[in-house]
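A structural walkthrough
Single-letter residue listing:
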Amino acid sequence: MQQLLQSQSFSIDEYQREYKWGKENIDELLSDLQAKFFSHYKQGDETPSVSAYGEYFLGSIIVSKRSGKNYLIDGQQRVTSLTLLLICLYRAAQANGLPVVQTIAPLIFSDNLGQPKFNLDIPERLPVIKTLFEGQSFNPDGKDESIQTMYARYQDITDNDLFDELKEALPHFIYWLLTRVGLIEIATDNDSYAYAIFETMNDRGKPLSPVDMLKAYLLAPIEEAQPRSMANQTWKQNVLELISWGGEHEPERDANCIKAWLRAQCAESIRERKAGSTDKDWELIGTVFHRWVRDHSEQLGLGKAAANLKMMAESFPFFAKAYRRILDASKHFTPGLEAIYYNAHNDFTWQSTVLLASLCESDDDETVRRKLAVTATYLDIWLMRRVVNYIRVGYSSVSYAMWLLCRDIRRKPLPELQTILAKKLADDDVTFAGSLSKNRSGIDGLGLNQFSRRYIYHLLARITAATEAGSGRTQSFDKLVVRDVKNPFDIEHIWADNYDDVKSLFASETEFQEWRDHVASLLLLPADVNRSLQDKPYEQKRPHYAKQNFYAASLDAGAYQHQPQFLQFADANQLPFESFDNFTKSEQLKRRKLVAALVELVWSPSRLSEIW
């Protein structure tokens with residue numbers, strides 16, 4: 001890869017599609033790279049030993065060279081994603097003072113008469129690349145789709161647990177990525193020829209996909225014409241419904257569904273995390289599921305016409321329908337399946353896999369709904385307990401936990417499923433109050449930082465929506481977190497960023513910032529209100545809070561007048577709402593108790609038994 005990207009820039013034509021990679025694509029790429037690297041790396045290795053590590057092939061790109069530029073005909077998704085990864089690695093190496101930073105830099109930018117020229121030379125995307133490279137803040141709201149997606153995927157890379165896992169192996173991983181990970185360039189100086197190559201590779205010469213190969217294997221023993229035709233048509237129809245779901249063609253959605261289904265229902269083993277370990281069921285299903293099914297046909301009861309027909313005409317349609325239901329509830333705030341939307345908002349990639357684990361083909365629609373709701377609710381509580389304790393929940397770090405969970409709830413009846421998940425929460429060492437074994441302080445120690453910001457936003461939206469609902473209003477969670485509207489909600493600091501105004505309350509400015517960023521010192525307000533109040537002291541903000549959502553308005557005494565439903569909600573749930581004329585440390589400590597009480601209400605394990 002180093003040879004291909006070294007001091008070379010790439011452009012795209014205006015008609016090329018937007019950068020489309022999703023979080024799942026990034027997570028799978030990082031997981032595959034990490035697994036391959038750790039299968040060779042041993043603690044104590046010197047960096048020169050990387051030259052003997054195994055290789056990893058990323059595929060090919062097609063380039064048309066004209067007017068002194070390299071135009072990507074095929075490969076912009078991978079090149080853009082690799083650029084984002086390289087920027088992330090560059091900044092990590094720079095922060096750790098690693099010499100390899102000088103090796104990474106030419107793969108991101110080259111010197112152009114003393115000015116950096118970024119190697120991903122797409123004018124409208126340069127501002128976000130430059131900002132990320134320099135470590136500056138960036139607001140993607142209102143920007144083009146590609147810019148928003150690039151920013152989101154960069155955040156996914158930084159949020160991924162790759163760097164926590166690498167630790168002292170970071171320079172080894174970087175050198176391995178640059179020298180042992182391959183990417184082939186197919187180049188021509190003729191546009192027509194470049195597109196002919198592209199069409200040959202992606203149309204006439206396109207190999208069968210893993211989904212096609214799995215279908216071919218399953219069809220093989222079904223010799224009778226009528227059932228064979230029925231199985232084929234059923235399979236094709238479900239594939240079409242998957243890849244066209246939501247009105248946007250996504251050719252990998254059928255494969256993602258099958259991976260989630262087979263992992264959830266069939267994976268009995270997972271790779272050990274040590275050098276020399278080989279991929280097991282969990283990993284193999286995620287990469288070569290068609291081969292895995294063939295190699296495990298006896299375990300799966302396949303190979304005979306009747307069994308294969310059942311898998312094609314019953315099992316696949318059932319799980320494909322459930323998968324589409326999960327996708328729909330992830331995108332649309334659906335009554336009864338709200339927890340799926342919550343987990344999707346937290347970008348929990350493993351959700352679809354885990355939700356399919358308890359299902360059985362004999363489950364009716366209502367049973368499926370309840371099982372999905374119970375399992376999603378468990379994940380919601382499990383996930384939020386960890387993030388408030390600063391425990392990472394990225395794709396790689398929770399992979400083993402999700403495999404265990406799938407195995408424990410696989411094909412369980414609804415009452416048993418609820419019992420299993422309730423016991424897991426009761427036995428969980430990690431709670432909202434903290435974790436003794438991990439030395440975490442839970443809600444009491446939760447403040448804004450790069451890791452927690454997205455989760456604090458989510459938490460504030462949840463307790464705000466719960467307060468609104470309990471008080472008879474209709475401001476739902478999905479309305480509080482939507483970003484593609486003119487005036488979205490933003491995080492508001494109760495204390496303005498002006499230390500001089502409150503310096504008598506704090507021992508230092510550092511202490512002030514810690515208290516100011518604490519979750520109990522934060523609200524959600526519409527962006528225009530947030531901006532208008534930004535520099536005002538609390539006494540001037542409070543009357544404006546009174547006009548907003550009840551969680552914010554509760555700071556003002558007016559919220560408690562002529563609001564019987566709000567008062568009843570607070571009293572029934574023993575929530576210590578209280579108005580404050582001033583906001584000092586004493587008031588903030590009282591607010592902490594309110595946040596803790598609301599969190600325990602919103603994420604109460606009793607929700608599992610309430611789903612019927």
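Whatever comes next refers back to the structure up there.
Here's what I pulled together on the structure shown here. (Residues numbered from 1 in each chain as written. Predicted model: local features only at pLDDT ≥ 70, side-chain atom pairs only at ≥ 80, totals over all residues. Heavy atoms only, no water.)

1. Section: the environment of Ala322
As for its placement among the helices and strands, Ala322 is situated in helix α15 (residues 305-331). The exposure class of Ala322 is buried, given its relative accessible area of 4%. Note: C-alpha distance between Ala322 and Lys438 (116 residues apart in sequence) is 36 Å. Excluding anything up to four places from it in sequence, Ala322 contacts Leu356 and Leu359. (Helix = DSSP H or I, 4+ residues; strand = E, 2+ residues; numbered from the N terminus. Buried < 20%, exposed > 50% of the residue type's maximum accessible area, 1.4 Å probe, protein only. Contact = heavy atoms within 4.5 Å.)

2. Here's the deal with the pattern of salt bridges
Inspection of every chain in the model, using the stated rule, returns 32 salt bridges. Between Asp478 and Lys479 there is a salt bridge; the shortest N-O distance is 3.3 Å. Of the residues examined, Asp478 reaches a relative accessible area of 15% and is grouped as buried. Beyond isolated ion pairs, a larger network of salt bridges with shared partners links Asp159, Asp347 and Arg454. (Salt bridge = Lys/Arg side-chain N within 4 Å of Asp/Glu carboxyl O.)

3. Section: the environment of Asn439
In this structure, Asn439 sits in the loop between α20 (414-427) and α21 (453-470). Sequence spacing of Asn439 and Ser397 is 42 residues, and the spatial spacing of their C-alpha atoms is 18 Å.

4. Thoughts on the sheet that holds strand β1 (residues 56-66)
Strand order in the open sheet made by the 3 strands is β2-β1-β5, with mixed pairing throughout. Across the chains shown, the open sheet's two edge strands, defined by having one partner strand only, are β2 (69-74) and β5 (181-188). On average, each strand axis in the sheet is tilted by 40° relative to the strand beside it, whichever way the strands run. Where β1 and β2 come together, 5 bridges link them in antiparallel fashion. Across the sheet, Arg66 pairs through a bridge with Lys69, a residue of β2. Sheet strands in contact with helix α3 (residues 76-95) are β1, β2 and β5, and its direction is about 110° off that of β1. Strand contacts of helix α8 (residues 170-180): β1 and β5, with the helix running at about 35° to β5, the strand carrying the most contacts. (Pairing = 2+ DSSP bridges. Axes fitted to C-alpha atoms, helices over the stretch in contact; angles between N-to-C directions.)

As far as function goes, none of this settles anything; it's purely spatial.
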